[in-house]
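# An overview of the molecular structure
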Amino acid sequence: MLDKLAEHYRAIIEGLGEDANREGLVDTPMRAAKAMQFLCKGYDQDLETIVNGAVFESDTDEMVMVKDIELYSMCEHHMLPFIGRCHIAYLPRGKVLGLSKFARIVDMYARRMQIQENLTKQIAEAVQSVTNARGVGVIVEARHMCMMMRGVEKQNSSMVSSVMLGSMRNDMATRAEFLNLAKGHFGL
Ligand code: ZN
């Protein structure tokens, strides 16, 4: 699989008019193949394995929020990176999720070819399904290389997407609490 990917990268390099045999490029196809495999390793992961039972009983029912989780993903339209941060909040219902698992969930979905809107939704639904929370809110802010480096070349624009589930969606006070906790981030 890796050899095949490297072969394709070699064809891309040549397709761009480069000499794939020159010294600086001779090992590039294999390096690029390995890098892309790493950036897409989320395809080999599943929710159950990464959570690995780290869901704990708790009687807290107050909002829990994990802020500023770094996020690196790949836009599925251009295969260029988009880079940003993610906030996740949830309202526990008898169960809480181990802190590091939020970052793992973000990584698993980010390390695939994505659009930001779907990524945000997948993170929210994963947290919901693992914790059975009363409500889940996810905000992602990211800068897209396909927008910054090509096309309109708008280098300071970023995109904010949010998904709210359950009482985070239906209860105005809860929703306001979430947005208030997220304040100061993302220019909110
Ligand atoms: Zn794009």
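Preceding this paragraph is the structure being described.
Residues numbered from 1 in each chain as written. Predicted model: local features only at pLDDT ≥ 70, side-chain atom pairs only at ≥ 80, totals over all residues. Heavy atoms only, no water.

## Some points on the side chain of S73
Relative to the assigned elements, S73 resides in strand β2 (residues 64-75). What makes S73 buried here is its relative accessible area of 6%. Only 2.6 Å separates the side chain of S73 from the backbone oxygen of A110, close enough to count as a polar contact. Those residues in contact with S73 that lie beyond four places of it in its chain are L80, P81, F82, A110, R112, Q114 and L119. (Helix = DSSP H or I, 4+ residues; strand = E, 2+ residues; numbered from the N terminus. Buried < 20%, exposed > 50% of the residue type's maximum accessible area, 1.4 Å probe, protein only. Polar contact = N/O pair within 3.5 Å; in protein donor to acceptor, adjacent residues only side chain to side chain. Contact = heavy atoms within 4.5 Å.)

## Re the sheet that holds β2
Read across the sheet, 5 strands follow the order β5-β2-β3-β6-β7 without closing on themselves; strand pairing throughout is mixed. Where the open sheet ends on each side, the last strands, each with one partner, are β5 (113-114) and β7 (159-166). Relative to strand β6 (residues 135-144), strand β3 (residues 81-91) runs antiparallel, the two being bridged by 10 bridges. Paired with R85 across the strands is E141, a residue of β6. Packing against the sheet, helix α4 (residues 99-110) makes contact with β2, β3 and β5, and its axis sits at approximately 20 degrees to β2. In this fold helix α8 (residues 172-182) packs onto β2, β3, β6 and β7, with an angle of close to 40 degrees to the strand it touches most, β6. (Pairing = 2+ DSSP bridges. Axes fitted to C-alpha atoms, helices over the stretch in contact; angles between N-to-C directions.)

## A word on the packing of helix α1 (residues 2-15) against helix α2 (residues 28-39)
Contact pair α1 / α2: the axes reach a minimum separation of 8 Å and the direction vectors enclose 120 degrees. One finds that α1 runs oblique with respect to α2. Judged by the sense of rotation from one axis to the other, the crossing of α1 with α2 is right-handed. When α1 is examined against α2, the residues L2, D3, L5, A6, Y9, R10 and I13 are found in contact with a partner set consisting of T28, P29, M30, A32, A33, K34, M36 and Q37. Split into classes, the residues belonging to the contact of α1 with α2 amount to 10 nonpolar, 2 polar and 3 charged. (Parallel < 35°, antiparallel > 145°, perpendicular 65-115°, else oblique. Left-handed = near helix turned anticlockwise from the far one by under 90°. Nonpolar A, V, L, I, M, F, W, Y, C, P; charged D, E, K, R; others polar.)

## Some points on the coordination of the zinc ion
Protein coordination at the zinc ion comes from C75 (SG), H78 (ND1) and C146 (SG), with a distance range of 2.1 to 2.3 Å. In the primary structure, the donors to the zinc ion are separated according to the pattern C-x2-H-x67-C. (Donors = N, O, S within 2.8 Å, 3.2 Å for Na, K, Ca; no water.)

## Re the packing of aromatic side chains
The geometry of two aromatic rings is summed up by the distance between their centres and the angle between their planes. If you walk through the whole model with that rule in mind, you get 1 aromatic pair. Consider the rings of Y90 and F102, whose centres lie 5.5 Å apart with planes at 40 degrees: the pair is tilted. On the criterion of sequence distance, the pair formed by Y90 in strand β3 and F102 in helix α4 is long-range, its members being 12 residues apart. When its relative accessible area of 1% is taken as the criterion, Y90 is described as buried. With relative accessibility at 1%, the residue F102 sits in the buried group. (Phe/Tyr/Trp six-rings, centres within 6.5 Å; stacked < 30°, edge-to-face > 60°.)

Everything listed here is a matter of geometry and, on its own, says nothing about what the molecule does.
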